[in-house]
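Notes for the structure review
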Amino acid sequence: FYYNYSMNKLLKIKASTILVLLLIIVGLYFLAFGPIGSTILEPYVKEELEEKIGMPVEINALDLAYGTSSLQFSINKQAQVSLEISEYDLSNDSYVGKYHIKTDKFTYKNKKLNNADIKGNFKYLPEDLYIDGNGTALSTNVDYRLKILDDLPQQILLDMKEAELSELLELIGHHAIVEGKIDVEINIPDMGGDREHTYGYIDLKKSYFNSKLVKELYEYTLPDKSYLQGRIDGNLEGETVSLVGDVQS
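Residues numbered from 1 in each chain as written. Predicted model: local features only at pLDDT ≥ 70, side-chain atom pairs only at ≥ 80, totals over all residues. Heavy atoms only, no water.

**Focus on the pairing of strand 8 (residues 140-149)**
- As paired strands, strand 7 (residues 128-137) and strand 8 are joined by ten bridges and run antiparallel to one another. Bridged to Gly133 within strand 8 is Tyr144.
- Remark: two residues form the turn of the hairpin made by strand 7 and strand 8, two consecutive strands paired antiparallel; Leu138 in that turn has positive phi of roughly 55°.
- Sheet analysis places strand 8 next to strand 9 (residues 152-164), joined by eight bridges and oriented antiparallel. Looking at the pairing, Tyr144 lines up with Leu158 of strand 9. (Pairing = 2+ DSSP bridges. Helix = DSSP H or I, 4+ residues; strand = E, 2+ residues; numbered from the N terminus.)

**Brief notes about the nonpolar core**
- Residues Leu49, Ile59, Leu71, Phe73 and Tyr99 are the most contacted members of the largest nonpolar core, which totals 52 residues.
- Apart from residues no more than four positions distant in its own chain, Phe73 is found in contact with Leu49, Ile53, Val57, Glu58, Ile59, Asn60, Ala79, Gln80, Val81 and Leu83. (Core = buried A, V, L, I, M, F, W, Y, C linked by side-chain atoms within 4.5 Å. Buried < 20%, exposed > 50% of the residue type's maximum accessible area, 1.4 Å probe, protein only. Contact = heavy atoms within 4.5 Å.)

**Quick look at unusual backbone geometry**
- Backbone geometry places Lys77, a non-glycine residue, at a positive phi of 60°.
- One can find Lys77 in the loop between strand 3 (69-75) and strand 4 (79-89).
- We note that Asn115 has phi near 45°; this positive angle belongs to a residue other than glycine.

**Re the environment of Leu149**
- By secondary structure assignment, the location of Leu149 is in strand 8.
- Judged by relative accessible area, Leu149 falls into the partly exposed class, the value being 33%.
- Considered as a pair, Leu149 and Tyr130 are 19 residues apart in the sequence and their alpha carbons are 8.7 Å apart.
- Excluding its chain neighbours within four sequence positions, the residues that come into contact with Leu149 are Glu127, Asp128 and Gln154.

Following this line, the structure appears as structure tokens:
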């Protein structure tokens, strides 16, 4: 089969492994007020974070200072997020710092995530964002790097091996009807030109359907040991990524 996706849709494929991106962006603006009074600002920070993230937030610590500023908060009382800005310039709205996100078990509405622990660095300028990170999520190691310039991804790197497919399905809000492993590797150094070092693939290892759950949800009986396996390769064509794959079931 053949699909043609925009870059935004490609990002959605791997958005589950870089969930931290949204959390970092929305936290940047609340660390640049200087020593005005952390206690006074906490309700405002809480309200803005909840609006941007769309989930309940509790502020655990807010330290605004002329040098290093920090913010610690929890999401839905389950995920712990720490942001630390080591450099910032209010005149040109720029920020440099690091982040840490950790959760033992996170559930919100129909989304679930288990045992995630990711650390990384970020650099923010108007129309220019760089973020990298590594750690564990989806029961595997995750390593990624992303740069966005003028709303267009310029540098994308993601390496994830032997991730749990059932956990990925639950993270994006689907039922875990398939159990198995998945590899994802993407390397796009330059959206505008470099093709020699550009590649990407999604490798779906032999994964088996949860026949009992399929029966419960869809009232359909699958043959015993029904499975999925295959590989999807990506090619960059201008600012569009074409995904071509071969999947067997």
